[in-house]
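An overview of the molecular structure
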Amino acid sequence: MTNKTGDTAILHPTIFVIFGITGDLAARKLLPALLGLYSKKMLPQRWCIIGFSRRSFSREEFRDLIRGRLNIKPGQFKEEDVKHFLDHITYEQGKFDEPEAYGRLALRIKETDDRWGQCSNKLFHLSVPPALYEGILRNLSSSGLSEPCADDTGWTRVLIEKPFGNDIDHARNLDKLLGKLFKEEQIFRIDHYLAKETLQNILAFRFHNHMFEPIWNKGFVDKIHIKLFEHNGVLDRGDTYDPVGALKDVGQNHMLMMLAAVAMDKPKSFTAKDIRFERARVLTKIRHAPLRSSKDCNRRGQYEGYRSEPGVGPDSQTETYFRLKASVNSSRWRNVPIYLESGKAMAESRTEIDVYFKGGKGNGSTDQNIVTFKIQPNEGIKIKFFVKTPGSTFSVEPKTLKFRYTDVPAEHWQNLPNDYERLIKDAFVGDQTLFASTDEIMASWRFITAVMRDWSKLPLIGYPKGAKEIA
Ligand code: BG6
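Reading the values: the criteria
Residues numbered from 1 in each chain as written. Predicted model: local features only at pLDDT ≥ 70, side-chain atom pairs only at ≥ 80, totals over all residues. Heavy atoms only, no water. Helix = DSSP H or I, 4+ residues; strand = E, 2+ residues; numbered from the N terminus. Rg over C-alpha atoms; globule rule 2.2 N^0.38 Å. Buried < 20%, exposed > 50% of the residue type's maximum accessible area, 1.4 Å probe, protein only. Contact = heavy atoms within 4.5 Å. Areas by Shrake-Rupley, 256 points an atom, 1.4 Å probe, with all protein chains shown as cover. Lys, Arg positive; Asp, Glu negative; His and termini not counted. Charge placed at Lys NZ, Arg CZ, Asp CG, Glu CD. Near = heavy atom within 4 Å. Polar contact = N/O pair within 3.5 Å; in protein donor to acceptor, adjacent residues only side chain to side chain. Nonpolar A, V, L, I, M, F, W, Y, C, P; charged D, E, K, R; others polar. Domains from an automatic or database assignment. Buried area = accessible area lost by both parts, 1.4 Å probe. Salt bridge = Lys/Arg side-chain N within 4 Å of Asp/Glu carboxyl O. Phe/Tyr/Trp six-rings, centres within 6.5 Å; stacked < 30°, edge-to-face > 60°. Axes fitted to C-alpha atoms, helices over the stretch in contact; angles between N-to-C directions. Parallel < 35°, antiparallel > 145°, perpendicular 65-115°, else oblique.

Per the secondary structure count, the chain includes 13 helices and 17 strands. On C-alpha atoms alone, the chain measures out to a radius of gyration of 24 Å, which is about the 23 Å that the 2.2 N^0.38 rule sets for 471 residues. Dimensions of the chain, computed from the C-alpha atoms along their principal axes, are close to 80 × 50 × 45 Å. Buried residues in the chain amount to 51% of all 471 residues. Contacts in the chain between residues far apart in sequence, at least 24 positions, make up 75% of those at least 6 positions apart. Accessible area of the chain: about 21,600 Å², with a carbon and sulfur share of 51%. Charged side chains of the chain number 71 positive and 60 negative; the gap between the two group centres comes to 6 Å.

On to the site of the ligand. Around the ligand, a shell composed of K29, K162, H192, Y193, K196, E230, R237, D249, H254, K344 and Q376 is seen. K162 places a polar side-chain atom, nitrogen or oxygen, 2.8 Å from an oxygen atom of the ligand. Protein contact buries 83% of the 390 Å² of open area that the ligand shows by itself. Taken together, the residues that form the shell around the ligand break down as one nonpolar, three polar and seven charged.

The next thing to look at is the environment of D24. Assignment of secondary structure puts D24 in helix α1 (residues 24-39). When the C-alpha positions of D24 and F373 are compared, they lie 30 Å apart, and in sequence the two are 349 residues distant.

In terms of domain boundaries, the chain breaks down into domain 1 (6-161) and domain 2 (194-463). Spacing between the C-alpha centres of domain 1 and domain 2 amounts to 32 Å. Contacts between the two partners involve 24 residues from domain 1 and, on the opposite side, 14 residues from domain 2. Counting the surface lost from both domain 1 and domain 2, the interface buries some 1,600 Å², and carbon and sulfur atoms represent 71% of this. K40 is paired through a salt bridge with E421; the nearest N and O atoms lie 2.5 Å apart.

So, on to the packing of aromatic side chains. Per the counting criterion, the structure on display carries 26 aromatic pairs. Seen in terms of ring centroids, F188 and F435 are 5.0 Å apart; in terms of plane orientation they differ by 85°. Their pairing is edge-to-face. Taken together, the residues F188 in strand β6 (residues 187-190) and F435 in strand β16 (residues 435-436) connect sequence positions 247 residues apart. Aromatic pair F205 and F373: ring centres 5.3 Å apart, planes at 85°, arrangement edge-to-face. You can see F205 sitting in helix α7 (residues 197-208) and its partner F373 sitting in strand β13 (residues 370-376), a full 168 residues away along the chain. By the burial criterion, F205 is buried, and F373 matches it. A connected cluster of aromatic rings, assembled from ring pairs, spans F19, F52, F96, Y102 and F124.

Let us now look at the packing of helix α9 (residues 246-263) against helix α10 (residues 272-283). With their axes 9 Å apart at the nearest point, α9 and α10 run at an angle of 105° to one another. If you check the angle between α9 and α10, you find them roughly perpendicular. Between α9 and α10, the residues in contact are L256, M257, A260 and A263 and R279, V282 and L283, respectively. Residues belonging to the contact of α9 with α10 are distributed by class as follows: six nonpolar, no polar and one charged.

See the structure below:
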């Protein structure tokens, strides 16, 4: 297969090492994204995946496991592409904290380089629980795997998944360690929401339609509501979800990245450096309303039946839903309420941001103009406005202006990489725009850690599975 990205940086042979290849994340996101890139001819001409994990498999068992995990829908990929894709994957068994295993991995990588007659690029993906990050990072460094080849060719990069730490102190320590072992340009901290086409479109909408910028502030905006609702419960992730909870699972990362997109100032330029700078700047200014009680609309909830999910304790106090009132302490946004709300086991899966404008018969009235960014599903943008009802009396009625991605001719978007495909491709070419910087991670943890301090003051309320909203 030939590469058709036109990106010369992606043409260099690359070895993609996945730590934890047999885990849930690799199955749900990573391997399908790599297969997607392969079928779209967006991988280098020479590439391979080395899976690294604790369990031992024969070659056939491993291939069957990966094939099953890819969960391919009928007609989704050409059978020939799937077969060739699987031919590119090999397996190295080892414990994540066992230095000898990294020696074996280094040998496997060297054999591949020798066979290709070239020093390849290496991309290491940590698809493991965060508690294992430190051991893997230290071993990558001590085994020399974090270095380019002797002649300085072939970069090495490391892709790190969220959650990046458990709180501000933990995140700071992890970041320090990373900074000691790798250079910033080698570190790609993933928040896959940054790579959602609709999230990026918020910047295009705000900064290329000049009529909105003058009113995108506290003088005109009444409130902002950011929602991330999922119809599914925790599925089979109870054991990894329960120690984390909704606030850290999606609040610390995806929801704050949505907030950053809607509230950040215009970057000096649309380069990675300037965009990340502005995202971080707005994140440092977020404050939360007091969490004394359920006043101020703050809520913590748990869906009924959650405690019987596999891997969840019978007395779990973990929230699967939260609503948090926040604001951005800047001259642009001071005192504008920003609601962050997310829940599992809700009536429907829906992620969107509503920006309510002042006006009508008073703030909070139903006569407000609303700009809605629909992140997923039915991706697009909606504007609620008012027109005169035809007739002899002067009354008005609401109408909607809509842009939907599905209105764009299919050939423009059908072959677009999805969020994980986009992230992997950007890591290949070294573009860090859609990856979180140290400053963004620290700012978001600082905010969430402050919330966590008072979190238990809010009572945990039960809600039925399939709830539309939580009162
Ligand atoms: C993940 C969370 O980061 O994002 C999951 O750990 C959540 O709990 C998922 O389901 C949502 O992502 P998406 O892309 O399906 O909206």
